[in-house]
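Coordinate inspection notes
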Amino acid sequence: MSGVLAENWARIRGKVAGFLTRPMALAFLPALSLGAFWIGGDTALIAAAVIMPLIYMLIGGSDSNRFTFGVGRMASGMLDKSLFAAMVQRTFDKAQETTLTSATFRIEIDDADELAERYGQAASDTVVSRVSERLIATLRDGDAIAQTGDFKFSICLQPVRQLDLELCIQLAGRMQSALEEPISIDGTSVYITSSVGFCQLSRISNGTAESWMEAAGTALREAQHHGPSAIRAYSDEMKRKSQTKAELREEVAKALESGQIRPWFQPQISTDTGLVTGFEALARWQHPERGMISPADFLPAIEQADMLERLAEVMMFHAFNALKEWDKAGVVVPKIGVNFAGPELKNPRLIDKVKWELDRFDLTPERLTVEVLETVVAGAPDDVISRNINGLGELGCSVDLDDFGTGHASIASIRRFSVSRIKIDRSFVMKADLDPEQQRMISAILTMAERLNVETLAEGVETVGEHALLAQLGCNHVQGFGIGKPMPFDQTLDWIAVHNAKLQDVPRIIGNRTG
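Residues numbered from 1 in each chain as written. Predicted model: local features only at pLDDT ≥ 70, side-chain atom pairs only at ≥ 80, totals over all residues. Heavy atoms only, no water.

1. Considerations on the overall build of the protein chain
Rules: Note on conventions: DSSP H or I runs of at least 4 residues are helices, E runs of at least 2 residues are strands, and numbering of each starts at the N terminus. For the area figures, the Shrake-Rupley method with a 1.4 Å probe applies, and any residue is considered shielded solely by the protein chains shown.
Tallying secondary structure elements over the protein chain gives 20 helices and 16 strands in all. As displayed, the protein chain offers around 26,200 Å² of accessible surface, 55% of which is attributable to carbon and sulfur atoms.

Encoded structure:
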């Protein structure tokens, strides 16, 4: 209640101060003095001369910066949230009434959760305190700043006559540089980075002070998608993208139940025989109005809607149905790969669900390959995730460690989770036939896998040269656009027929399995 009253009082002060400092109001002062003298003589004139300056000082008109950095400033040097909001409103109103302009910024420390986990909460609080000090040091006296989240800060610049895009980018870069200087905590140097989003007032048409700050927040989220250490300026296109993402979040539940989201299948083949050894089921959304929506756009929407587990159920259903259809058509597809993320793997009833689905389609567990990201395995303690992965392996399912080389999974993790195959990330495969360094990296991974008696599959194979090199080095399986693009189920039978026909006409690539 007191915070609301303080905010309302601050807004009233700001509006009155803004009115009294306008040239039109100042022009009336002589008239007010003459009116007081006409009505009450010398006494009224003296009273007006004393009272008017007192009113002016009371509402803060004598010093515009006092409103910003005097009232409401906490011990850290930050404004509290309510007075910061009032300052943004005042800046917005002043810019609307004049030719002045401004900009709002949102800045957040990158990977803040890891910071707290690695150094502890006390050290994390120290980092935030240092960040506050450094941000304040980069600003002018008339600029307003507040901490609006655990690791997030909001800034509103004092109105100025000129503030173009380049100046805003320079200021954002200056903030980032200040924060990137090492922070000493108990003799340890801690390095941080930050993402910055900002919105120039000129970018807000027919908006409000609140929408102005929200626009800076939208720019920050866009920066974080391209981070770390990214800077993004708000634009109308960003607004449209933000609206689209919000709409997608609202539509994902319907899309999952209506069949708009279903798997497309990408083939995997043996480098030794060339035969199909499996398909990976990859989620695709065919929207009735927007057309094909990229997984990069809709998967975050599904995650934010807390429906990843439902997605896994839908994918598993269609994947098993595809296996039955391939069997019915008389084509050999030994396995189907389905991706399982953290939320699904945390379900204590996951193994029972998988058993039920396998029984429902009369399939053996060996036909399912459970694909788990390396980052999930690397960060999984001995809990439900560990029990589920090992339980699925004991059931008879294959376990693929996806995107190998991009996370921090140790050899012990590979053994602990009964991994049957590692999928070499495409970043190692790209142009491997032309880059000796890439070849050495792949050889090291393949040697490790051979010693651990684990199969290998290379992702992102796009050229014949990459395919041939991987076969010669001893990689067991390959997958990528150079083999076959993801396709809807009704195209898979034709693709398999064409692929098998090619195998009759060309010599197979013999892998070098020695050593």
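Now that the structure has been shown, the text picks up again.
2. Here we look at the layout of surface pockets
Inclusion rule: We place a 1 Å grid over just the protein atoms. Points where a 1.4 Å probe fits but has no way out form a cavity, open points with protein on both sides within 12 Å along at least 5 of 7 lines form a pocket, and any residue with an atom within 4 Å of a point lines it. Grid points are joined across faces, edges and corners, and a volume is the space filled by probe spheres set on the points. The classification used treats Ala, Val, Leu, Ile, Met, Phe, Trp, Tyr, Cys and Pro as nonpolar, Asp, Glu, Lys and Arg as charged, and all other residues, Gly among them, as polar.
Of the volumes computed, that of the largest pocket is approximately 1,200 Å³. Taken together, 35 residues line the largest pocket, and the ones lying closest to its centre are Leu-282, Leu-299, Asn-339, Leu-373 and Asp-402. Ranked by residues supplied to the lining of the largest pocket, first place goes to strand 9 (residues 276-287) with five residues. Grouping the constituent residues of the lining of the largest pocket by class yields 17 nonpolar, seven polar and eleven charged.

3. Remarks on the packing of aromatic side chains
Inclusion rule: Between the rings of Phe, Tyr and Trp (Trp by its six-membered ring), a pair exists once the centres lie within 6.5 Å; its type follows the angle of the planes, with under 30 degrees stacked, over 60 edge-to-face, and the other angles tilted. Only protein chains enter the accessibility calculation, which uses a 1.4 Å probe; a residue whose area is less than 20% of its type maximum is buried, one above 50% is exposed, and one in between is partly exposed.
Under the definition given, this model contains ten aromatic pairs. Measuring from centroid to centroid gives 5.5 Å for Phe-317 and Phe-361, while their planes differ by 65°, and the two rings are edge-to-face. Of the two residues, Phe-317 is situated in helix 11 (residues 308-329) and Phe-361 in the loop between helix 13 (350-360) and strand 12 (368-373); the sequence distance between them amounts to 44 residues. Taking the relative accessible area as the measure of exposure, Phe-317 reaches 29% and is therefore partly exposed. Each member of the aromatic cluster is reached from another via a ring pair, and the members are Phe-265, Phe-279, Trp-326, Phe-489 and Trp-495.

4. Quick look at the pairing of strand 8 (residues 261-270)
Cut-off, in case you're wondering: A pair of strands counts as paired when DSSP detects no fewer than two bridges linking them.
Within strand 8, eight of the ten residues are buried, which leaves the element mostly enclosed by the surrounding structure. Looking at chain direction, strand 8 and strand 9 are connected through nine bridges and run antiparallel. Across the sheet, Gln-268 pairs through a bridge with Gly-278, a residue of strand 9. Where strand 8 hands over to strand 9, the hairpin turn is made up of five residues, of which Gly-274 adopts a positive phi near 80°.

5. Thoughts on the packing of helix 13 against helix 15 (residues 384-395)
Defined as follows: Fitting a line to C-alpha atoms yields each axis, with helices limited to the stretch in contact; the angle taken between N-to-C directions then spans 0 to 180 degrees. Small angles under 35 degrees read as roughly parallel and large ones over 145 as roughly antiparallel, with 65 to 115 read as roughly perpendicular and the rest as oblique. Two helices cross in a left-handed way if the nearer one is turned anticlockwise from the farther one by less than a right angle. They cross in a right-handed way if the turn is clockwise. Here, two residues are considered to be in contact whenever any of their heavy atoms come within 4.5 Å of each other.
Interhelical geometry of helix 13 versus helix 15 gives an angle of 30° and a closest axis separation of 9 Å. Taken together, the axes of helix 13 and helix 15 are roughly parallel relative to one another. Read as a crossing pair, helix 13 and helix 15 show a hand that is right-handed. Facing Leu-350, Ile-351, Val-354, Lys-355 and Leu-358 of helix 13, the residues of helix 15 in contact are Arg-387, Asn-388, Gly-391, Leu-392 and Leu-395. Across the contact of helix 13 with helix 15, the residue classes break down as six nonpolar, two polar and two charged.

6. Some points on the environment of Gly-337
Checked against the element boundaries, Gly-337 lands in strand 11 (residues 336-339). Look at Gly-337 and you get buried, because its relative accessible area is 3%. As a C-alpha pair, Gly-337 and Leu-368 span 31 residues in sequence and 6.1 Å in three-dimensional space.

7. With respect to a negative patch on the surface
Which entries qualify depends on this criterion: Note that patches include only residues with greater than 30% relative accessible area and no salt bridge, and the join distances are 9 Å for like charges and 5 Å for nonpolar side chains (Val, Leu, Ile, Met, Phe, Trp, Tyr). Any carboxyl oxygen of Asp or Glu that lies within 4 Å of a side-chain nitrogen of Lys or Arg is treated as forming a salt bridge with it. For the purpose of charge, His is not counted, nor are the chain termini; Lys and Arg are scored as positive and Asp and Glu as negative. Here the site of a charge means atom NZ of a Lys, CZ of an Arg, CG of an Asp or CD of a Glu.
A cluster of acidic residues, Asp-111, Asp-113, Glu-114, Glu-117, Asp-125 and Asp-150, forms a negative patch at the surface. Per element, the largest residue contribution to the negative patch is three residues, and it comes from helix 5 (residues 112-119). With respect to the secondary-structure elements, Glu-114 resides in helix 5. For Glu-114, a relative accessible area of 52% gives the class exposed.

8. Looking at empty space enclosed by the protein
In the structure shown here, the tally under the stated rule is two cavities of 30 Å³ or more. What lines the largest cavity is simply Glu-309, Ala-312, Glu-313, Met-316, Phe-340, Glu-344, Leu-350 and Lys-353. When grouped by side-chain class, the residues that make up the lining of the largest cavity number four nonpolar, no polar and four charged. Each pocket or cavity is described by its volume, and for the second largest cavity that value is around 40 Å³. Taken together, Gln-268, Thr-277, Phe-279, Lys-335, Ile-336, Gly-337, Thr-369, Glu-371, Asp-400 and Arg-421 make up the full set of residues lining the second largest cavity. For the lining of the second largest cavity, the elements supplying multiple residues, two or more each, are strand 9, strand 11 and strand 12. Of the residues assigned to the lining of the second largest cavity, the class counts are two nonpolar, four polar and four charged.

9. Focus: the confidence of the model for the protein chain
Selection rule: A residue's pLDDT is the confidence the predictor assigns to it, expressed on a 0 to 100 scale.
In the predicted model, the protein chain carries a mean pLDDT of 83, and the fraction of residues at 70 or more is 80%. Ranking the helices and strands of the protein chain by mean pLDDT puts strand 16 (residues 477-479) first, with 97, and helix 3 (residues 64-69) last, with 40. For the stretch residues 1-7, pLDDT sits under 50, and the model shows five contacts to residues farther than four places along the chain or on other chains. Across residues 510-515 the pLDDT falls below 50, and counting only partners more than four positions away or on other chains, this stretch makes 13 contacts in the model.

10. Brief notes about the environment of Glu-459
Positionally, Glu-459 belongs in the loop between strand 15 (455-458) and helix 19 (464-473). Distance in space between the C-alpha atoms of Glu-459 and Val-429 is 7.2 Å, their sequence separation being 30 residues. Excluding residues that lie within four positions of it along the chain, Glu-459 makes contacts with Asp-402, Asp-403, Lys-423, Ile-424, Asp-425, Arg-426, Val-429 and Gln-479.

11. Quick notes on the nonpolar core
As a reminder, the rule being used: In this text, buried Ala, Val, Leu, Ile, Met, Phe, Trp, Tyr and Cys residues form a nonpolar core when linked through side-chain atoms within 4.5 Å.
Counting residues in hydrophobic clusters, the biggest one holds 74 residues, and the most contacted among them are Phe-279, Phe-320, Trp-326 and Ile-422. Looking at which element gives the most residues to this core, the answer is helix 11, with ten residues. If sequence neighbours within four positions are ignored, Phe-320 has contacts with Ile-336, Glu-357, Leu-358, Phe-361, Leu-363 and Leu-368. Core analysis: the second largest hydrophobic core is formed by 31 residues, Met-78, Ala-123, Leu-163 and Ile-185 among them.

12. Side note on the side chain of Ser-195
Stated precisely, the cut-off is as follows: Two N or O atoms form a polar contact when they lie within 3.5 Å of each other; inside protein one atom must be a possible hydrogen donor and the other a possible acceptor, and for residues adjacent in sequence the pair counts only when both atoms belong to side chains.
Structurally, Ser-195 is set in strand 6 (residues 194-200). In this structure Ser-195 comes out as buried when scored by relative accessible area, which is 0%. Side-chain polar atoms of Ser-195 contact the side chain of Asp-110, separated by 2.7 Å. When near neighbours in sequence (up to four residues on either side) are disregarded, Ser-195 contacts Arg-106, Ile-107, Glu-108, Asp-110, Gln-176, Leu-220, Ala-223, Gln-224, Pro-228, Ser-229 and Ala-230.

13. Considerations on the packing of helix 6 (residues 121-138) against helix 7 (residues 165-180)
At a minimum axis distance of 9 Å, the contact between helix 6 and helix 7 shows a crossing angle of 145°. Classified by chirality, the crossing of helix 7 by helix 6 is right-handed. Of helix 7, the residues touching helix 6 (which contributes Val-131, Arg-134, Leu-135 and Thr-138) are Leu-171, Arg-174, Met-175, Ala-178 and Leu-179. A breakdown of the residues in the contact of helix 6 with helix 7 according to their chemical character gives six nonpolar, one polar and two charged.

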